[in-house]
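Each chain is listed here by its residues.
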Amino acid sequence: MRSYGAVLSLPGLRAIFAAHAVSMLGTIGAEVALSIMIFERTGSPLLSALVLVCSFLPYAVGGTLFSSLADRFPARRVLVTCNLLSATGVAGMLVSGMPVAGLLGLLLCLGMIAPIFAGARAASLAHLLPTDLFPVGRSLLRAIGQLAVLTGFAAGGIAVAAIGAKSLLVVEVVTFVLSAVLIGTGTPWTPAGERTGNAVRDSWTGIKDLFADRKLRNLILLTWVAPAFSSLPDGLAVAYTAQVGTAAAAAGAMFTGYAVGGVLGELVVARFTPSVRRRLVVPFLIAGQLPAIAFLAVPPIPVAACLLAVTGAGYAFNQGIDPLILAAVEPSHRGRLFTVQSSGLMAIQGVSIALGGVVGSFIAPNLTIAAAGVLGTITVLLIARRALSTEIRQPLTEALR
């Protein structure tokens with residue numbers, strides 16, 4: 001049975017996914033607490049908003065400079081170290097009198113660590129899971145991540161109201177330590193990769209080698225570009241509620257629609273066979289883009305949330321792409337590959353949301369979202385045509401007609 005149950009039944013995998021859930025909640029909780037703490041201290045919406053900027057920005061830097069760390073050492077050691085460093089960073093935020101610049105600097109450090117953690121975790125799954133279960137394992141990571149986002153931001157706000165921002169940061173320190181313990185005591189050992197010279201130089205050389213392969217380069221680009229377009233409505237959700245004359249709080253329904261659709265898409269596609277998942281790549285790519293075009297009609301919030309749910313479900317296309325990426329890279333370079341993939345994804349989503357906000361300042365939000373749907377559909381199909389293997393080019397050709 002190719003499902004989440006089959007993945008979780010393997011030795012050590014429950015600990016990996018439990019640690020992922022705990023560390024995700026810790027990361028989100030820290031962002032919520034820090035954003036509220038900075039606003040309470042300064043009264044500045046801009047400085048409070050910089051928390052999100054500092055959460056996205058370091059991914060590109062950390063993933064570029066330090067991607068080789070995910071391969072140079074055993075994955076379990078890398079994961080435990082990343083969690084303990086994250087716990088130390090959050091503990092530093094609790095230092096009395098820490099200036100705002102220091103708080104944001106510590107958040108930048110956490111963002112530098114995150115892509116290394118993600119790369120090492122994906123590489124360990126590639127070692128521990130059979131090839132046909134690897135995309136299901138990564139799907140479960142994404143589903144847990146979406147659920148953590150859904151619960152973390154809501155629970156974080158409630159927790160800050162109940163116990164205060166600093167107390168919540170204390171809880172987040174504990175979650176990172178707990179994640180380290182779960183990984184250190186409950187997961188199998190996986191071998192380290194090669195160590196060739198300086199880590200930064202090795203990272204850069206490895207990235208150049210990865211992107212020298214045209215097919216692999218296009219596959220990675222596809223996993224970046226598709227969500228970059230499909231996540232743009234999130235950045236315009238509040239502006240869209242104002243356009244349709246609804247309270248800003250209704251934007252939460254749009255955020256929730258996208259996340260719920262993402263989880264449901266992952267759950268359903270994970271039960272399909274590998275061949276079916278490959279054939280569904282193009283339909284899911286299209287499903288992730290086309291609903292945005294319907295915003296031309298300025299749909300009410302409930303309809304908009306449903307459209308975004310379909311868009312979120314389209315993210316399950318990754319389950320058909322992951323095996324192709326895995327097959328195209330040597331095992332000794334998997335850690336840096338997945339580090340670069342995750343860091344690039346976060347960076348390009350941050351840029352996309354920011355650009356959407358800029359464009360949405362000059363033209364109506366619904367037109368911005370619809371334009372992203374048109375451009376996204378065209379762009380992902382053009383990249384997919386180059387990236388996908390011959391075994392699924394026939395459905396792609398049919399989709400392009």
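Given the structure is predicted, the values throughout are model-derived calculations rather than measurements.

(A) The arrangement of the overall build of the protein chain in detail. Helices and strands together make up the secondary structure of the protein chain, namely 20 helices and 0 strands. With 401 residues in all, the protein chain has 53% of them scored as buried. Summed over its atoms, the accessible surface of the protein chain is roughly 16300 Å², and 70% of this surface lies on carbon and sulfur atoms.

(B) Quick peek at the environment of Phe117. By secondary structure assignment, the location of Phe117 is in helix H6 (residues 100-128). Residue Phe117 is classed as buried on the basis of its relative accessible area, which comes to 10%. C-alpha separation for the pair Phe117 and Gly335, spaced 218 residues apart in sequence, amounts to 9.4 Å. Beyond its immediate sequence surroundings of up to four residues, Phe117 is in contact with Ser23, Leu79, Cys82, Asn83 and Ile183.

(C) Seen up close, the packing of H6 against helix H18 (residues 334-359). At a minimum axis separation of 7 Å, H6 and H18 run at an interaxial angle of 130 degrees. Between H6 and H18, the interaxial angle falls into the category oblique. Here H6 and H18 pass one another in a crossing that is right-handed. Only Arg334, Gly335, Phe338, Thr339, Ser342 and Ser343 of H18 make contact with H6, whose side of the interface consists of Pro115, Ile116, Ala118, Gly119, Ala120, Ala122, Ala123 and Ala126.

(D) Representation of the nonpolar core in the model. With 51 residues, the main nonpolar core has Leu222 and Leu388 as its most contacted residues. Looking at which element gives the most residues to this core, the answer is helix H10 (residues 214-230), with 7 residues. Leu110, Val160, Val173 and Phe176 belong to the second largest nonpolar core, which has 25 residues in total.

(E) The pattern of salt bridges, seen in detail. Under the definition given, this model contains 3 salt bridges. Here Arg142 and Glu266 are joined by a salt bridge, their closest N and O atoms 2.7 Å apart. Placement of the pair is Arg142 in helix H7 (residues 134-163) and Glu266 in helix H13 (residues 251-269), with a sequence separation of 124 residues. Each member of the pair, Arg142 as well as Glu266, is classed as buried. One salt bridge in this structure joins Arg142 and Asp322, with 3.4 Å as the shortest N-O distance. Here Arg142 is found in helix H7, whereas its partner Asp322 is found in helix H17 (residues 318-328), with 180 residues between them in sequence.

(F) Expanded view of the side chain of Arg334. Tracing the chain through its elements places Arg334 in helix H18. If we ignore the near neighbours within four places in the chain, the residues touching Arg334 are Asp71, Ala123, Ala126, Leu326 and Val329.

(G) Region of the structure containing unusual backbone geometry. Positive phi values are uncommon outside glycine, yet Val298 reaches one of about 50 degrees. Along the chain, Val298 falls in the loop between helix H15 (281-287) and helix H16 (301-313).

(H) Fine view of the packing of aromatic side chains. Applying the stated criterion to the full structure yields 3 aromatic pairs. Plain terms: the ring middles of Tyr315 and Phe317 are 6.2 Å apart, the flat faces sit at 80 degrees to each other, and that makes the pair edge-to-face. The burial state of Tyr315 is the same as that of Phe317; both residues are buried.

(I) Structural context of helix H8 (residues 165-186). With 22 residues, H8 ought to run about 32 Å at 1.5 Å a step, and its terminal C-alpha atoms sit 31 Å apart, in line with that. Restricting attention to buried positions, one finds in H8 the residues Ala165, Leu168, Leu169, Glu172, Val173, Thr175, Phe176, Ser179, Ala180 and Ile183. All buried residues of H8 lie within an arc of 160 degrees about the axis, which places them on one face of the element. Away from the buried face of H8 by more than 90 degrees, exposed residues Val174 and Thr185 are located.

(J) Spotlight on the side chain of Ser352. By the element assignment, Ser352 lies in helix H18. A distance of 2.4 Å separates a polar atom in the side chain of Ser352 from the backbone oxygen of Ala228. In this view, Ser352 contacts Ala228, Phe229 and Leu232; residues no more than four positions away in its chain are not counted.

(K) Summary view of a nonpolar patch on the surface. On the surface, Leu296, Val358, Val359, Phe362, Ile363 and Leu367 cluster together into a nonpolar patch covering about 580 Å² of accessible area. Along the chain, Val358 turns up in helix H18. Overall, the relative accessible area of 47% leaves Val358 in the partly exposed class.

(L) Fine view of the packing of helix H5 (residues 75-92) against H8. Here H5 crosses H8 at 170 degrees, and the two axes come no closer than 8 Å. Put simply, H5 runs roughly antiparallel to H8. Contacts from Arg76, Leu79, Val80, Asn83, Leu84, Ser86, Ala87, Val90 and Ala91 in H5 reach Leu169, Glu172, Val173, Phe176, Val177, Ser179, Ala180, Ile183 and Gly184 in H8. For the contact of H5 with H8, the class distribution of residues is 12 nonpolar, 4 polar and 2 charged.

Thresholds, definitions, all that
- Residues numbered from 1 in each chain as written.
- Predicted model: local features only at pLDDT ≥ 70, side-chain atom pairs only at ≥ 80, totals over all residues.
- Heavy atoms only, no water.
- Helix = DSSP H or I, 4+ residues; strand = E, 2+ residues; numbered from the N terminus.
- Buried < 20%, exposed > 50% of the residue type's maximum accessible area, 1.4 Å probe, protein only.
- Areas by Shrake-Rupley, 256 points an atom, 1.4 Å probe, with all protein chains shown as cover.
- Contact = heavy atoms within 4.5 Å.
- Axes fitted to C-alpha atoms, helices over the stretch in contact; angles between N-to-C directions.
- Parallel < 35°, antiparallel > 145°, perpendicular 65-115°, else oblique.
- Left-handed = near helix turned anticlockwise from the far one by under 90°.
- Core = buried A, V, L, I, M, F, W, Y, C linked by side-chain atoms within 4.5 Å.
- Salt bridge = Lys/Arg side-chain N within 4 Å of Asp/Glu carboxyl O.
- Phe/Tyr/Trp six-rings, centres within 6.5 Å; stacked < 30°, edge-to-face > 60°.
- Expected span 1.5 Å × (residues − 1).
- Arc of directions from axis to C-beta.
- Polar contact = N/O pair within 3.5 Å; in protein donor to acceptor, adjacent residues only side chain to side chain.
- Patch = residues over 30% accessible without salt bridge, like charges linked within 9 Å, V, L, I, M, F, W, Y side chains within 5 Å.
- Nonpolar A, V, L, I, M, F, W, Y, C, P; charged D, E, K, R; others polar.

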